[in-house]
Amino acid sequence: MKKLLVLSTAAMLSLGTLSACGSDKNADAGGSEGETKLTLWYPEGDMSPAYKEIISQFNQEHDGEIEAEIEFIPRGNKYAYEDKVSAAATSNTLPDLLAMDGPNVANYADAGIIQPIDGMVKEQDQFVDSVIKQGTFQDKLYAVGPTESTVALFYNVKMLEEAGITPPKTLEEAWTWNEFYDAAKKLTNKEKGIYGVNWTLDYGEWIIYFTGPTVWSNGGSFIAEDGSKADGHVNGPKTVEALEYLQTFTKEGLVNLQPTPTEFEDGKAAMMLMGSWEWAKLKDYPDTEWGITYYPKSPTGEQVSPSGDWAWGVSTSAEDKEAAAELLNFIHTKENVLKLAAVEDKPPARSDAFAELAEWDKEPLNVLKDQVLKTAHPRPSTTSYPVLSTKYGQAVQNIFLGGDVQEELDKVAKEVDTDIERKQ
Amino acid sequence: MRHQTKQKIGKTVTTLAILLLGFLFIAPLLWMIVASLKPETLIFKDMGIAAFLPKDMTLDNYIQILFSDRANFFHYMWNSLFSVSMIVIFGLIVNSLCAYALVKLKFPGSDFILIVIIALYVVPFESMLIPLYIVVNNFGWINEYPALIVPFIASAFNIFLFRQFFMGIPKELEEAAMLDGANPWQTFWKVVVPNSKPVFATAAILTFVSHWSDFMWPLIVATDESIRTVQVGIQYLFTDNNIEYGQIMAALSLTTIPVILIFVFFQRYYVQGITSSGVKG
Amino acid sequence: MEKTITSVNVEKKSFTYETQKRWLGVVFSLPALVLLFTFLILPVVLAFVYSFMNYNMLNPDGKEFTGLDNYIRLFKDAVFLTALKNTLYFTALVVPIQSAVALGLALLVNKKVKAAGLGRIFFFSPVVTSMVVVAILWTFLYNVDSGLINNTLNFFGIENQPFLLSPDQAMNSIIFMSVWQAAGFQMMIFLAGLKEVPEELYEAAEMDGANVWQKFRNVTIPSISHVTGFVLIITTIQAFRLFIQPYVMTNGGPSDSTKTLVFMLYENGFQFRDVGYSSAIAVVFFIIVLAASLILKKVLKQ
């Protein structure tokens, strides 16, 4: 027992020392004079090493003037990063530059935690339209990002050949809903346990992201253009029709509702609706030949694909706006955009960067390039986006399990409109 | 002779029951370890019995985790071990003393305090996250160890647990100590503590386990790489668009080891019937 | 004569002991009470205040008092009623089942056999296994087409069940899994209790010719009643706080059938950044659970 006592005294002492160290460190932070300190937050992930490199290069070039420090915040598989931002916002401890997923721009801008960056971005005309659109709230630019993303239809070349199906090679020939449905039906083989299509039923942001184009392509929408009302949009006839179409896939068992994480890669599904990053993963499976084709379009509507990736904004607590702009532009130079895009084979968000990547002009990556440059559509811009995304995601899950489409979407509209009202 | 055979059969039946039932409980842990030793492409290929059988064993996943340039696994592990051990050590002292005071050294208001403490256990942590963050931020503890430790030392659950067990300690024991001239502190230290080893062990294990898996709070208060805990530190594995399940399983296997060790360590304090021998002596 | 002197001595001693006791009682409990006040009571009071405010987490300067608005909204919210119903259902089933399973396991690993130590680790292991692994595996076990549970049911001639995909079965599936996962926790508390039962009591009962059941009924149960009461109360409170299992396994669905009060509280507070509404849910939750535990405490005393 004496041991325990000694141990705890030692512990008590060490605790004291540690907290003392902590305060010392804080004192140092303001240390060197004349140098502007900038902090950045980015979600921890594959991109972290590339960002680390870019920031240290920035610090070298601005030695004695600006010193930037980037912190990578774990994101978990849901909203841990956003929760962290919320906690920081509520206690005024936000960093100077803040990365955010595209649809959060409106939410953050409206709450006043990020500031407009109009006129701060160099060579703004080089950025692809969808990035600028995504970063704009009430006619002011709040955020830009170095990379884009999209969702396309990945397929197992051999399985499609065996079924006698030729997937479209050009944007003009992209499958319509019916063609996609027919292909999925033909490829499904219940005896062998093979599904026509695989799509992930993630609980986070994914659902609104991957189903969005089906809705937009049909002329539907999620919310009024100015973000003021969801009723009549998210539950409007065109949106309902789009989800009824997707529901036929789950109703008829063309999609597995409980797939393994590698169902498509293991040859248990013939096609997969997935983000552009899937291409990098398929490289782990070199024995199978993979292809990519366009996101299917509504028979009456236009070709649309989803877009949006993480973007950078300047927080309202950033004091030195010029230094922040300098750093923002440094991240988005053509060279750095190329460097960041290369990490996960992501489409770059600058067209001059795109022009340098010959691989993206060839099959199958040209499909992704076409979508980013020609058919990209950002997710809705509304201050109530978190409610919309969450409630819509839950509703779509119910719909896939056989729920009534109109009824489920009516509930979403009601929840979102309550939230909009609360914020006024 | 007959009695002995009967006992033997009884023991065999008990052992079999423990092992059979035990498998149902430990299966996920086994699966996790087996999966962590497989190449990525094999993990979900067959989810039947094959999922529990090693195939093409490799340590690649472990090497990736331990020597990653993305994360300093050893350092995160140390941070977790340090902060959780502090919670356990201080917690055992502070909470057991408080429970002892409330049960055995009744003072004015002690009954009321007990009710408040039980009521506090009701509060779900999720509802306190933001207010607690504001309090801790006022102390200037963000990104410092005390934020991970100090708020969790006093625990309503542990005080309640100790109280319940201290109630069961026979009065005669304390009276005997008192007659020997011991003061309340000595009574606590020499009579109550030695006679309550199982409950101290239980409190230690349960506290360690529940804080070892903490994720949300450490994430919010400890962004800085230098004090990041292991549960937060391995989150990068879940974030990538292309999740590598083998590495996840390897990391989770490694983080489970300390908990199992703590459990085994405290097990030896589960000894039978000290209370009664104490009475006799 | 001698006798009287001794008793006076004891009285004198006990008098100083009694004063010391009170004084030390305050000293001993002070560290815990100060910490509890700062890190538990203070935040709870703050949450209580927020429950009367319109408070967007991202805009703390814009928060304003709105009286009972949050509470009025809560009682009109259909999701709240569903969540309350789900939480009560879960608690009513989980508390007796899990406590019984935990006691059974504790009795098993309290036996003097070599495997007992191993058994404790086995039964406790789900408590320490990461929820990520548990969720992945149980989702496979519950899989409609190829899950192990459905395969077993097929073997007995029962057709495939939807489990997590059905609003009627999802909560029961979560209950089953929760019992499996958390019983080890309560088992450890029961085990500590069982260790405190004096062996002589069993020996005496054996002398009287008691069988296994009689020993359990007449020795074990009364001797650990204070532990049983504790386990029932904390299991009730923990059951009310159900959140993480539905959060990772069903996301509250399908059709809100596994949405619980704490799930709702988290969703509104963090995902929707509506601190005021979330705090109001917390306050109502607190009152409900406190009432339930006090009733339970009364019942147990009788």
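Structure's up top.
Residues numbered from 1 in each chain as written. Chains lettered and ligands numbered in written order. Predicted model: local features only at pLDDT ≥ 70, side-chain atom pairs only at ≥ 80, totals over all residues. Heavy atoms only, no water.

(A) The arrangement of the overall build of chain B in detail. For chain B, the helix and strand inventory stands at 15 helices and 0 strands. Over its C-alpha trace chain B gives a radius of gyration of 24 Å, far above what one expects of a compact globule, namely 19 Å for 281 residues. Dimensions of chain B, computed from C-alpha atoms along their principal axes, come out at roughly 70 × 70 × 30 Å. Counting only residues that meet the buried cut, chain B has 62% of its 281 residues in that class. Once local pairs closer than 6 in sequence are excluded, the contacts in chain B between residues at least 24 apart make up 73%. Accessible area for chain B stands at about 11,200 Å²; split by element, carbon and sulfur atoms hold 65% of it. Treating the 17 positive side-chain charges of chain B as one cloud and the 17 negative ones as another, the clouds have centres 18 Å apart. (Helix = DSSP H or I, 4+ residues; strand = E, 2+ residues; numbered from the N terminus. Rg over C-alpha atoms; globule rule 2.2 N^0.38 Å. Buried < 20%, exposed > 50% of the residue type's maximum accessible area, 1.4 Å probe, protein only. Contact = heavy atoms within 4.5 Å. Areas by Shrake-Rupley, 256 points an atom, 1.4 Å probe, with all protein chains shown as cover. Lys, Arg positive; Asp, Glu negative; His and termini not counted. Charge placed at Lys NZ, Arg CZ, Asp CG, Glu CD.)

(B) Spotlight on the overall build of chain C. The secondary structure content of chain C amounts to 13 helices and 2 strands. Over its C-alpha trace chain C gives a radius of gyration of 25 Å, far above what one expects of a compact globule, namely 19 Å for 302 residues. Dimensions of chain C, computed from C-alpha atoms along their principal axes, come out at roughly 80 × 60 × 30 Å. In chain C, once contacts between residues fewer than 6 apart in sequence are set aside, the share between residues at least 24 apart is 67%. Accessible surface computed for chain C: about 13,500 Å², of which carbon and sulfur atoms make up 68%.

(C) Spotlight on the interface of chain C and chain A. Listed as interface residues are 33 residues of chain C and, on the opposing side, 32 residues of chain A. Contact between chain C and chain A buries roughly 2,800 Å² in total, counting both sides, with carbon and sulfur atoms accounting for 47%. In terms of surface lost to chain A, no three residues of chain C exceed C:L58, C:F272 and C:R273, which account for 23% of the buried area on that side. With 5 residues, the top contributor of residues to the side of chain C that touches chain A is helix 12 (residues 261-271) of chain C. Grouping the amino acids of the side of chain C that touches chain A by side-chain chemistry returns 17 nonpolar, 9 polar and 7 charged. (Buried area = accessible area lost by both parts, 1.4 Å probe. Nonpolar A, V, L, I, M, F, W, Y, C, P; charged D, E, K, R; others polar.)

(D) Main features of the interface of chain B and chain C. Listed as interface residues are 99 residues of chain B and, on the opposing side, 90 residues of chain C. Between chain B and chain C the total buried area reaches about 8,400 Å² when both faces are included, carbon and sulfur atoms providing 81% of it. Viewed at the interface, chain C and chain B are joined by 0 salt bridges. One can count 9 residue pairs in polar contact (both at pLDDT 80 or more) joining chain B with chain C. Taken together, the residues that form the side of chain B that touches chain C break down as 75 nonpolar, 19 polar and 5 charged. (Salt bridge = Lys/Arg side-chain N within 4 Å of Asp/Glu carboxyl O. Polar contact = N/O pair within 3.5 Å; in protein donor to acceptor, adjacent residues only side chain to side chain.)

(E) Region of interest: unusual backbone geometry. In this model, A:E363 is joined to A:P364 through a cis peptide bond whose omega is -5°. Considering the arrangement of structural elements, one finds A:P364 in the loop between helix 13 (351-354) and helix 14 (365-375). Backbone geometry places C:N251, a non-glycine residue, at a positive phi of 55°. Locating C:N251 in the fold gives a position in the loop between helix 11 (244-249) and helix 12. You can call C:N251 buried: its relative accessible area is 7%. At C:S255, a residue that is not glycine, the phi angle is positive and equals roughly 50°.

(F) Broad picture of helix 10 (residues 197-212) of chain B. Taking 1.5 Å of rise per residue, the 16 residues of helix 10 of chain B would be expected to cover 22 Å, and the 22 Å separating its terminal C-alpha atoms lies within 8% of that figure. Burial runs high along helix 10 of chain B: 14 of the 16 residues are buried. (Expected span 1.5 Å × (residues − 1).)

(G) Local environment of helix 12 (residues 334-343) of chain A. All names here are of chain A. Residues of helix 12 that are buried include every one of N336, V337, L338, L340 and A341, and no others. In this fold, the buried residues of helix 12 make contact with helix 2 (48-61), helix 11 (321-331) and helix 13. A positive backbone phi angle near 55° is found at D345, which sits one or two residues after helix 12.

(H) Representation of empty space enclosed by the protein in the model. Inspection of the entire model under this criterion finds 10 cavities of 30 Å³ or more. In this structure, the second largest cavity spans a volume of roughly 120 Å³. In the lining of the second largest cavity, the residues fall into 5 nonpolar, 1 polar and 8 charged. (1 Å grid on protein atoms, 1.4 Å probe; cavity = no way out; pocket = protein on both sides within 12 Å on 5 of 7 lines; lining within 4 Å. Points joined across faces, edges and corners; volume = space filled by probe spheres on them.)

(I) Geometry of the pattern of salt bridges. All names here are of chain A. Going through the model one piece at a time under the given rule, you end up with 27 salt bridges over all chains. Linking D101 and R379 is a salt bridge whose minimum nitrogen-to-oxygen distance equals 3.7 Å. Taken as a pair, D101 in strand 3 (residues 97-101) and R379 in the loop between strand 14 (376-377) and helix 15 (385-400) lie far apart in primary sequence, 278 residues in all. Judged on exposure class, the residue D101 and its partner R379 are both buried. A salt bridge links E205 to R379; its shortest N-O distance comes to 2.7 Å. Remark: R379 occurs in the loop between strand 14 and helix 15 and E205 occurs in the loop between strand 9 (195-198) and helix 8 (206-217); sequence separation between them is 174 residues. Judged by its relative accessible area of 14%, E205 falls in the buried class. When its relative accessible area of 5% is taken as the criterion, R379 is described as buried.

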